[in-house]
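Each chain, letter by letter, is given below.
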Amino acid sequence: QGRLVESGGGSVPPGGSLRLSCASSLSIFSMDTLGWYRQTPGSQREWVAEIKYEGSKPNAKSIEERFTISKDYRANSIYLDMRDLKPEDTAVYYCRTEGQSGDVTWGQGTQVTISS
């Protein structure tokens, strides 16, 4: 099984932007789903964005238009661009991949804090 390593988290004021990165030790080219989730203390992990392949066509969607997921096959990396950040976006953000056989891998998470 591969390994995912997130980076790019930090503390920004409301209205700011961040780009989260997720580097995979395995090729993401054949993955079925690439995604981002987030979690706050005492809450369940929440879906944020994903790229899911329907046949050969990637279908990207996110919880809000402020969040955009993208990928780079050559870098085996997944990105989450977040803009107009709000205090309620504060959470630990996790990267997730799912292979075609249903095998799921999670990263260790990166903290995002929105505070003035």
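Residues numbered from 1 in each chain as written. Predicted model: local features only at pLDDT ≥ 70, side-chain atom pairs only at ≥ 80, totals over all residues. Heavy atoms only, no water.

Asks: What is the right way to read the overall build of the protein chain from this model?
Replies: Across its full length, the protein chain carries zero helices and eleven strands. For the protein chain, the sequential pattern of α-helices and β-strands runs β-β-β-β-β-β-β-β-β-β-β. Computed over the C-alpha atoms, the radius of gyration of the protein chain is 14 Å, within 12% of the 13 Å expected from 2.2 N^0.38 for a compact globule of 116 residues. Overall, the C-alpha framework of the protein chain stretches about 40 × 25 × 25 Å when taken along its three principal axes. Split into buried and exposed, the 116 residues of the protein chain put 41% on the buried side. Within the protein chain, counting contacts between residues at least 6 apart in sequence, those at least 24 apart form 51% of the total. Carbon and sulfur atoms provide 46% of the accessible area of the protein chain, an area that totals close to 6300 Å². Taken as two groups, the 13 positive and 14 negative side-chain charges of the protein chain have centres that lie 3 Å from each other. (Helix = DSSP H or I, 4+ residues; strand = E, 2+ residues; numbered from the N terminus. Rg over C-alpha atoms; globule rule 2.2 N^0.38 Å. Buried < 20%, exposed > 50% of the residue type's maximum accessible area, 1.4 Å probe, protein only. Contact = heavy atoms within 4.5 Å. Areas by Shrake-Rupley, 256 points an atom, 1.4 Å probe, with all protein chains shown as cover. Lys, Arg positive; Asp, Glu negative; His and termini not counted. Charge placed at Lys NZ, Arg CZ, Asp CG, Glu CD.)

Asks: Honestly, the sheet that holds strand β7 (residues 67-72) in this entry has me stumped. Any pointers?
Replies: Two pairing modes exist for strands in a sheet, parallel and antiparallel, and in both the strands are linked by backbone hydrogen bonds. Sheet architecture is open: four strands sit in the order β1-β3-β8-β7, paired in antiparallel fashion. The sheet terminates laterally at β1 (4-7) and β7, the two strands that pair on one side only. Strand-to-strand twist across the sheet, computed as the mean angle between neighbouring axes with direction ignored, equals 15 degrees. When β7 meets strand β8 (residues 77-82), the two strands line up antiparallel, connected through six bridges. Bridge pairing in β8 links Asp72 to Ser77. (Pairing = 2+ DSSP bridges. Axes fitted to C-alpha atoms, helices over the stretch in contact; angles between N-to-C directions.)

Asks: In this structure, what is going on with the packing of aromatic side chains? I would like to understand it.
Replies: Aromatic ring pairs are reported here in terms of the distance separating the ring centres and the angle at which the planes meet. The tally for this structure, following the rule as stated, stands at three aromatic pairs. A ring pair is formed by Phe29 and Tyr73, whose centres lie 5.1 Å apart and whose planes are at 70 degrees; its orientation type is edge-to-face. One end of the pair, Phe29, is in the loop between β3 (18-24) and β4 (33-39); the other, Tyr73, is in the loop between β7 and β8, and 44 residues separate them in sequence. Judged by its relative accessible area of 30%, Tyr73 is partly exposed. (Phe/Tyr/Trp six-rings, centres within 6.5 Å; stacked < 30°, edge-to-face > 60°.)

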